[in-house]
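# Overview (structure and organization)
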Amino acid sequence: MTFFSGIGTVLRLELLQRVRTRAWYILLGVFFAVVGVVTVLLVLALSAFGDAVGGGVLSTIIYFVLLLGTLVTPALSGNAVNGDRADGTLATTQVTQIGTWQLILGKFLAAWISALAFLATAVPFILVSILVGGVGPDVAFVSILVLVFELGVVSAVGVGLSGILTRPLFSIVVTYLVVAALSIGTLIVFGLAGVATQSTVVSQSRNQDFGSYDSTTGEMTEVTCSPWQTSTYTTPRFDPYWGVLVANPYVLLADATPTRFDEGGNPTDLFGAVKAATRGAQIPPDLEPTYDDCAPEYGTSYPTARETIEDTVPGWFVGALIHLLLAGGLLVGAWSATRTPARRLARGSRIA
Amino acid sequence: MADWGIEVDGVARSFGSVHAVRDMTFTAGYGSVTALIGPNGSGKTTLMLMLASLLAPDRGSIRIAGHDPVTAPRAVRAAMGWMPDVLGSWSSLTVRATLEITGRLHGLSREQTTSRTDELVAQTGLTALAEQPTRVLSRGQKQRLSLARALVHDPRVLLLDEPASGLDPAARVELRSLVRRLAAEGRCVLISSHVLAELDEMADSAVYVDAGATASAERISSARTSLRQWRIRALDPSAIVPALDAASIPRERIDRDHLGTLVSVESESDAARLLDSLVRAGVPVTTFAPVVGDLEHTFLDLNRVSTPPQPPISETETLS
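Quick caveat: nothing in here was measured; it's all calculated off a predicted structure.

What counts and what doesn't
Residues numbered from 1 in each chain as written. Chains lettered and ligands numbered in written order. Predicted model: local features only at pLDDT ≥ 70, side-chain atom pairs only at ≥ 80, totals over all residues. Heavy atoms only, no water. Core = buried A, V, L, I, M, F, W, Y, C linked by side-chain atoms within 4.5 Å. Buried < 20%, exposed > 50% of the residue type's maximum accessible area, 1.4 Å probe, protein only. Helix = DSSP H or I, 4+ residues; strand = E, 2+ residues; numbered from the N terminus. Domains from an automatic or database assignment. Contact = heavy atoms within 4.5 Å. Pairing = 2+ DSSP bridges. Buried area = accessible area lost by both parts, 1.4 Å probe. Polar contact = N/O pair within 3.5 Å; in protein donor to acceptor, adjacent residues only side chain to side chain. Nonpolar A, V, L, I, M, F, W, Y, C, P; charged D, E, K, R; others polar. Axes fitted to C-alpha atoms, helices over the stretch in contact; angles between N-to-C directions. Salt bridge = Lys/Arg side-chain N within 4 Å of Asp/Glu carboxyl O. Patch = residues over 30% accessible without salt bridge, like charges linked within 9 Å, V, L, I, M, F, W, Y side chains within 5 Å. Areas by Shrake-Rupley, 256 points an atom, 1.4 Å probe, with all protein chains shown as cover. Left-handed = near helix turned anticlockwise from the far one by under 90°. Phe/Tyr/Trp six-rings, centres within 6.5 Å; stacked < 30°, edge-to-face > 60°. Parallel < 35°, antiparallel > 145°, perpendicular 65-115°, else oblique.

## As for the nonpolar core
Generally speaking, nonpolar side chains in soluble globular proteins are found buried as a group. All names here are of chain B. Of all hydrophobic cores here, the largest spans 40 residues; its most connected members are Ile37 and Leu160. Top element by residues in this core is helix α6 (residues 169-184). It accounts for six residues. Two domains each provide a minimum of three residues to this core, namely domain 1 (4-214) and domain 2 (226-306). Non-local contacts of Leu160, meaning those with residues more than four positions away in its chain, are made with Met48, Met83, Leu147, Val179, Val189, Leu190, Ile191 and Ser192. Within the second largest apolar cluster, 34 residues are counted, among which are Met24, Leu51, Val76 and Ala79.

Put into structure tokens, the structure is as follows:
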């Protein structure tokens, strides 16, 4: 038996035992129906805005699969190791020629594959979005690739924690907490830290005093400028914290995916919108703005989404690296806690 | 090539402050059945886990078929089959699939696995259930599946932890003959059970453990030579006691229970002499047998004279 054929046997066992149940197929059926309804509604709703709505549909479906995948995967993977221990089937596997790494990796792959079943279920609708038009092949390819990666990260976190923690319920809950920390926690940290960090803005402005009609001369009085006025106020600073967002799976997915723009410089899909919004956080606010009404060319022009994205740096690879280290670290931890012959046991843990 | 299937020398293992196994030393040979006997919490299962290469000992050395489970777990696992006392099975898999997957996990080829599975399903009497998912099996059927799983890779050393619990009498008889057959094939079988009468009929030798230590040979032989009760029944029960008086058995060695008259004698030869004198005295003896089996007698006697057992501690209880 080679290393990989051993993993294959564990994988087969896991898929037969853990995944292939009636409830699982019902869940996939419900998911299929929900994505179907969402796709139809999106196509109808977005058609009001133009022809090439495929990008919007595709990005919504991908986000939907990411949401459901990260909601279901912890329940499937979070008890992969300690659940077997509770059932009394872990030790029977460990007294065979299967090594600890083969066991852990086989369970990880099984969890990953079962998460990918959701993506496979959504494939017909992804095809619909491509047929509708307006989807760049690079957009579809990269976003699906990142989705697959993210589902793998959640699977690895679940399997890793199930090896490290003793109680199945506890490890499932902790896996959910990790997913929540990445998906929602990063947003909360970003928002709170930004609001907590206030900077003082000193704003200079002067206004045009419009001339008034002089009834005695019948002429307009001269247009004059008011003296410069200084006002001081505070503004929240988000730019030091944009790095927090790179670990958010939804931001990471949007940030990594190439963006298509329309003529106005606006993104054509949800990824682009998320990307522009989060990239905008990198730009520090102007702390000494001047508003001069008397200047010949007044009126501030805001940068388009395209300009924002092109002027800022991508952070997805940093996020991906963080996720990779998290997933890998937890798998190594699970390996270390599951090694046999065991030298140390957690309190109250059963090895059989 | 090792002469012994199992060699255990001065093995100790503690969990925190709980010394589950303090000092165990014994050997078990090929072609024989060795019984592992001890009260609850005496460290039997902890020892089994160490022999099964799942738990590393703190001290001492273990050899399974000549290999050290700590340094060469794969070699040990190839030579050793373990039937745990916990009845776990993959509930969605059929009996056949369970055995096939186990064979594959042991590194057997597909063809080897298939033929071995057919063989074991028949041998353990699970043919009718082969295509059923294991969750529908009864406790006794799961027990048989567990034994079949331990035998998939044709191991030379077998560790059976409480294999008879939950089996009906007919299945126990089958298990006994199966275990004897496995030993006759040259395997080394170590078997732990609480049903000592049954081990009596199966085991060639016994290892007694108490409070994490194996009993020494001297203690065992002194326990064996201590007084032992024999039960006597006759067609005319009233004739027994006068005949015992005539054979000058002191009255304090005579007792009664609902089945017959109990007499304490020191050895088997004393028992034979007593039977002879009863028959000569014309007592119509129908039953003349020890009240408890050899193993049980030794076990109970060792417990009586041994140091007080360790207090049961929850951490050791959760270890199996």
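Text resumes after the structure shown.
## Focus on the environment of A:His323
Residue and element names in this part refer to chain A. In this fold, His323 is placed in helix α13 (residues 316-338). Along the sequence, His323 and Trp242 sit 81 residues apart, while their C-alpha atoms lie 17 Å from each other. When neighbours within four sequence positions are excluded, His323 is seen to be in contact with Phe149, Glu150, Val153, Leu182, Ala247, Pro249 and Leu252.

## A look at the pairing of strand β12 (residues 260-265) of chain B
All names here are of chain B. With six of its six residues buried, β12 lies for the most part within the structure. Examined bridge by bridge, strand β10 (residues 228-234) and β12 share five bridges and lie antiparallel to one another. If you follow Arg231 over to β12, its bridge partner there is Leu262. In this structure, strand β11 (residues 254-257) lies alongside β12, joined through four bridges in antiparallel fashion. Following the sheet pairing, Asp255 is matched in β12 by Leu262. The antiparallel pairing of β11 with β12 creates a hairpin that spans two residues between the two strands.

## Details of the domain arrangement of chain B
Frequently, the measure chosen for interface size is the accessible area removed from exposure when the parts meet. Residue and element names in this part refer to chain B. Assigned domains within chain B: domain 1 (4-214) and domain 2 (226-306). Here the C-alpha centre of domain 2 lies 37 Å away from the C-alpha centre of domain 1. For the pair domain 1 and domain 2, the summed buried area comes to about 780 Å², and 69% of that belongs to carbon and sulfur atoms. The largest share of the area that domain 1 buries against domain 2 comes from Leu196, Asp200 and Tyr208, three residues that together contribute 62% of it. One can count zero residue pairs in polar contact (both at pLDDT 80 or more) joining domain 1 with domain 2. Listing elements by their share of the side of domain 1 that touches domain 2, those giving two or more residues are α7 (196-202) and β8 (205-210). Per-class residue counts for the side of domain 1 that touches domain 2 are six nonpolar, one polar and two charged.

## A few points about the sheet that holds β11(B)
The strands making up a sheet associate through hydrogen bonds between their backbones, and the pairing can be parallel or antiparallel. Residues and elements named next belong to chain B. Pairing in this open sheet of four strands is antiparallel, and the strands run β11-β12-β10-β13 from one edge to the other. Pairing within the sheet leaves two strands with one partner each, and these edge strands are β11 and β13 (285-290). Going across the sheet, the axis of each strand differs from the next one's by a mean of 25°, ignoring polarity. Each of β10, β12 and β13 is contacted by helix α10 (residues 268-280), which is oriented at about 170° to β13, the strand it contacts most.

## Side note on the interface of chain B and chain A
Across the boundary between the two partners, chain B contributes 34 residues, which contact 32 residues of chain A. The largest per-residue losses of area from chain B upon contact with chain A belong to B:Leu54, B:Trp90 and B:Leu105, which jointly make up 22% of the total buried on that side. Our count for the chain B to chain A interface comes out at zero salt bridges. Counting every contact that joins chain B to chain A gives 10 residue pairs in polar contact (both at pLDDT 80 or more). Of all the secondary-structure elements, those providing two or more residues to the side of chain B that touches chain A are β1 (4-15), α2 (73-79) and α3 (95-105) of chain B. Sorting elements by how many residues they give to the side of chain B that touches chain A places α2(B) first, with four residues.

## Quick notes on a nonpolar patch on the surface
A grouping of A:Trp316, A:Phe317, A:Val318 and A:Ile322 is seen on the molecular surface, where their side chains present a nonpolar patch of about 350 Å² in accessible area. Looking at the element boundaries, A:Phe317 is found in helix α13.

## Considering the sheet that holds strand β6 (residues 229-236) of chain A
Residue and element names in this part refer to chain A. In space, the three strands of this open sheet follow the order β6-β1-β7, with mixed pairing throughout. Only two strands of the sheet have a single partner each, and these edge strands are β6 and β7 (290-292). Across the sheet, the mean angle separating the axes of adjacent strands is 25° when strand polarity is ignored. Sheet topology note: the strand β1 (residues 198-206)/β7 ladder contains three bridges and is parallel. Bridge pairing in β7 links Arg206 to Asp292.

## Thoughts on the pattern of salt bridges
Residues and elements named next belong to chain A. Here the structure, examined in full by the defined rule, presents 20 salt bridges over all chains. With a shortest N-O distance of 2.6 Å, Glu14 and Lys107 are connected by a salt bridge. Taken together, the residues Glu14 in helix α1 (residues 3-19) and Lys107 in helix α6 (residues 100-132) connect sequence positions 93 residues apart. Assigned by exposure class, Glu14 and Lys107 land together as buried.

## A closer look at the packing of α6(A) against helix α7 (residues 137-164) of chain A
All names here are of chain A. In the contact formed by α6 and α7, the axes pass within 9 Å of each other and the chain directions differ by 145°. Between α6 and α7 lies a crossing of right-handed hand. Contacts between α6 and α7 pair Ile104, Lys107, Phe108, Ala111, Trp112, Ala115, Leu116, Leu119 and Ile126 from the former with Ile144, Leu147, Val148, Leu151, Gly152, Ser155, Ala156 and Val159 from the latter. Its residues assigned to classes, the contact of α6 with α7 comprises 14 nonpolar, two polar and one charged.

## A word on the side chain of A:Thr92
As for its placement among the helices and strands, A:Thr92 is situated in helix α5 (residues 90-94). Overall, A:Thr92 belongs to the buried group, its relative accessible area being 7%. Of the polar contacts made by the side chain of A:Thr92, one reaches the backbone oxygen of A:Thr89; its length is 3.0 Å. Setting aside anything within four residues of it in sequence, one finds A:Thr92 in contact with B:Trp82, B:Pro84 and B:Arg149.

## Concerning the packing of aromatic side chains
Centre-to-centre distance and the angle between the planes together describe a pair of aromatic rings. Applying the stated criterion across every chain, the model contains 11 aromatic pairs over all chains. Three or more aromatic residues joined by ring pairs make a cluster, and in this case those are A:Trp24, A:Phe31 and A:Phe118.

## Re helix α1 (residues 44-51) of chain B
All names here are of chain B. A large share of α1 lies buried, amounting to eight of its eight residues. All of the buried residues in α1 are Lys44, Thr45, Thr46, Leu47, Met48, Leu49, Met50 and Leu51. Of the residues flanking the end of α1, it is Ser53, one or two places downstream, whose phi is positive at about 70°.

## Considerations on the packing of helix α3 (residues 54-77) of chain A against α6(A)
Residues and elements named next belong to chain A. Following both chains from N to C, one finds α3 and α6 inclined at 165°, their axes separated by 9 Å at the closest point. In terms of orientation, α3 lies roughly antiparallel with respect to α6. Between α3 and α6 lies a crossing of right-handed hand. Residues Gly54, Val57, Leu58, Ile61, Ile62, Val65, Val72, Thr73, Leu76 and Ser77 of α3 form the contact with α6, whose participating residues are Ala111, Ser114, Ala115, Phe118, Leu119, Ala122, Phe125, Ile126, Ser129 and Val132. In terms of residue class, the contact of α3 with α6 is made up of 15 nonpolar, five polar and no charged.

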